[in-house]
Each structure stands twice: as C-alpha cells, then as structure tokens.
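Take a look at the letters that make up each chain.
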Amino acid sequence: MESQDDKRLLRSSMIIPIILVMIMLLVEIIEAVFDLDFSFLGVKPLSAEGLPGIILFHFLHGDWEHLFANSVPILVLGTSLYYFYRPIANKILLILIFSTGLLTWCGARSGVHIGASALVYGLSFFLMLSGFIRRDRKLIIISLICSFVIPLSTCI
C-alpha cells in the first residue's frame, strides 16, 4: 500500500515533465492557430544558423502525431527521473537537453532536425544504465518497457 509521502513524491515528480509537454503543446497550438512553421528553429548540423536549435528542437514537432508520440515517453521517463533522482534530476535533464542537441548538431545528417526523440532516448539510456549500475529493479523494468515501447511510439 502506498503511503501519502509516496503519492506526494509521485505527483511532484510529474511537474517538470508536464511543463515540458505543455510547452511542446503550446508551440504546436501556436503553429496551428497562426498557420506558422517554426521548424526553421530546429537543428541544422554544423551550421551557425542551426545553433539555437540545439536547445529549441526538442520543443518543435512536425505534426500532432509526432508530438503525441514523444509526449507519453517524456511524461513516463521524466517522471521516473524526478521520482528516482530528485536531487540531481534538473541537472540530468539540462545535460540531456544540451548534449542531445549538441550531438545532433555535430553528427546528424544534413537537413533540419526537430522533435524530442533524442531527449526521450537520452532519458531512457540514463535510467536504464543507472538502473543496472544501482541494481534497481524498478528502474530496469521501466527502462526496458520504454526501450521496447518508445521505438513503436516514435515511428507512428
């Protein structure tokens, strides 16, 4: 039986992931309502013009399906990050946002890259690796489930 503290911790662990998804939703709504396309703000590898995309591309999506395919994994993995790693979760999230953007800028194929898939895979990798290192069954199970579900949801 869950204690009140566990429920409180779970609810508070959802705040940042929900905010991230809400920002992504807001961007998509603004694009739809005002007939805009912010994809020019995505990552353009090895281009000075693409540098802002290192941070911004996580919040941009090609369409609603793309957004929803990334939203569920962000919510599940992000909540897991904040639940199991509260003291360092903000640092890990910022490192993953920046490093996945930088790696995309440095090594992706030419073109414009948008979407939170890199962040999803970064979160999944961190949680899985740390689960194995800590021998934490909950983390390993969450990560393995997401490792099998994420490829299906991001290919919609």
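Residues numbered from 1 in each chain as written. Predicted model: local features only at pLDDT ≥ 70, side-chain atom pairs only at ≥ 80, totals over all residues. Heavy atoms only, no water.

*Asks:* I would appreciate a short explanation of the overall build of the protein in the present structure.
*Replies:* The helix and strand inventory of the protein stands at seven helices and zero strands. Starting at the N terminus, the α and β elements of the protein follow one another as α-α-α-α-α-α-α. Over its C-alpha trace the protein gives a radius of gyration of 16 Å, about what one expects of a compact globule, namely 15 Å for 156 residues. Along the first, second and third principal axes, the C-alpha atoms of the protein reach 50 × 35 × 30 Å. Here the protein holds 156 residues, and the buried ones make up 42% of them. Within the protein, counting contacts between residues at least 6 apart in sequence, those at least 24 apart form 76% of the total. When the accessible surface of the protein is split by element, carbon and sulfur atoms take 72% of a total near 9,100 Å². Computing the positive centroid from 11 side-chain charges and the negative centroid from 11, the protein places the two 17 Å apart. (Helix = DSSP H or I, 4+ residues; strand = E, 2+ residues; numbered from the N terminus. Rg over C-alpha atoms; globule rule 2.2 N^0.38 Å. Buried < 20%, exposed > 50% of the residue type's maximum accessible area, 1.4 Å probe, protein only. Contact = heavy atoms within 4.5 Å. Areas by Shrake-Rupley, 256 points an atom, 1.4 Å probe, with all protein chains shown as cover. Lys, Arg positive; Asp, Glu negative; His and termini not counted. Charge placed at Lys NZ, Arg CZ, Asp CG, Glu CD.)

*Asks:* Quick question: what am I supposed to make of the pattern of salt bridges here?
*Replies:* Where charged atoms from two side chains of opposite charge approach closely, those side chains can pair. Scanning the entire structure with this criterion turns up two salt bridges. In this structure, Asp5 engages Arg8 in a salt bridge whose closest nitrogen and oxygen atoms are separated by 3.0 Å. Note that Asp5 and Arg8 are positioned in helix α1 (residues 4-13) at a spacing of three residues, about one turn of the helix. Judged by its relative accessible area of 54%, Asp5 is exposed. With relative accessibility at 48%, the residue Arg8 sits in the partly exposed group. (Salt bridge = Lys/Arg side-chain N within 4 Å of Asp/Glu carboxyl O.)

*Asks:* Mind showing me how you'd approach the nonpolar core here?
*Replies:* If you look at the biggest cluster of nonpolar residues, it comprises 24 residues, and the most contacted ones within it are Ile74, Leu81, Tyr85, Leu93, Leu119 and Leu123. The residues touching Tyr85, leaving out its near neighbours within four places in the chain, are Ser80, Phe126, Leu127, Ser130, Gly131, Arg134 and Leu139. (Core = buried A, V, L, I, M, F, W, Y, C linked by side-chain atoms within 4.5 Å.)

*Asks:* What is the right way to look at the packing of helix α5 (residues 89-107) against helix α6 (residues 117-134) in this model?
*Replies:* Each pair of packed helices can be described by the angle between their axes along with the distance between the axes. It is the contact of α5 with α6, at a shortest axis distance of 9 Å, that shows an interaxial angle of 125°. Taken together, α5 and α6 sit at an angle that is classed as oblique. In the crossing of α5 with α6, the sense of the turn from one axis to the other is right-handed. Where α5 abuts α6, its residues Ile92, Leu93, Leu96, Ile97, Thr100 and Thr104 lie against Ala118, Leu119, Gly122, Leu123 and Phe126. For the contact of α5 with α6, the class distribution of residues is eight nonpolar, three polar and no charged. (Axes fitted to C-alpha atoms, helices over the stretch in contact; angles between N-to-C directions. Parallel < 35°, antiparallel > 145°, perpendicular 65-115°, else oblique. Left-handed = near helix turned anticlockwise from the far one by under 90°. Nonpolar A, V, L, I, M, F, W, Y, C, P; charged D, E, K, R; others polar.)

*Asks:* Would you take a moment to explain the packing of aromatic side chains for this structure?
*Replies:* Aromatic ring pairs are described here by two measures, namely the spacing of the ring centres and the angle between the planes. The final tally for this structure, using the stated rule, is three aromatic pairs. An angle of 25° between the planes, with centres 5.9 Å apart, marks the rings of Trp64 and Phe68 as stacked. Here Trp64 pairs with Phe68, and both are found in helix α4 (residues 64-84), just four residues apart, close to one helical turn. Taking the relative accessible area as the measure of exposure, Trp64 reaches 33% and is therefore partly exposed. (Phe/Tyr/Trp six-rings, centres within 6.5 Å; stacked < 30°, edge-to-face > 60°.)

*Asks:* Please clarify how the packing of α1 against α4 should be interpreted in this entry.
*Replies:* Packing of α1 against α4 leaves a shortest axis separation of 8 Å and a crossing angle of 130°. In terms of axis orientation, α1 runs oblique to α4. With respect to the hand of their crossing, α1 and α4 are arranged in right-handed fashion. Residue-level inspection shows Asp6, Leu9, Leu10 and Ser13 of α1 in contact with α4, the latter providing Gly78, Thr79, Tyr82 and Tyr83.

*Asks:* Explanation requested: unusual backbone geometry in the structure shown.
*Replies:* Note on backbone geometry: most residues besides glycine have negative phi, and most peptide bonds are trans. Unusually for a residue other than glycine, Asp35 sits at a positive phi of about 50°. We classify Asp35 as exposed; its relative accessible area is 70%. Positive phi is not limited to glycine here, since Arg135 has a value of about 55°. As for its placement among the helices and strands, Arg135 is situated in the loop between α6 and α7 (137-154).

Read these as spatial facts, not as claims about activity.
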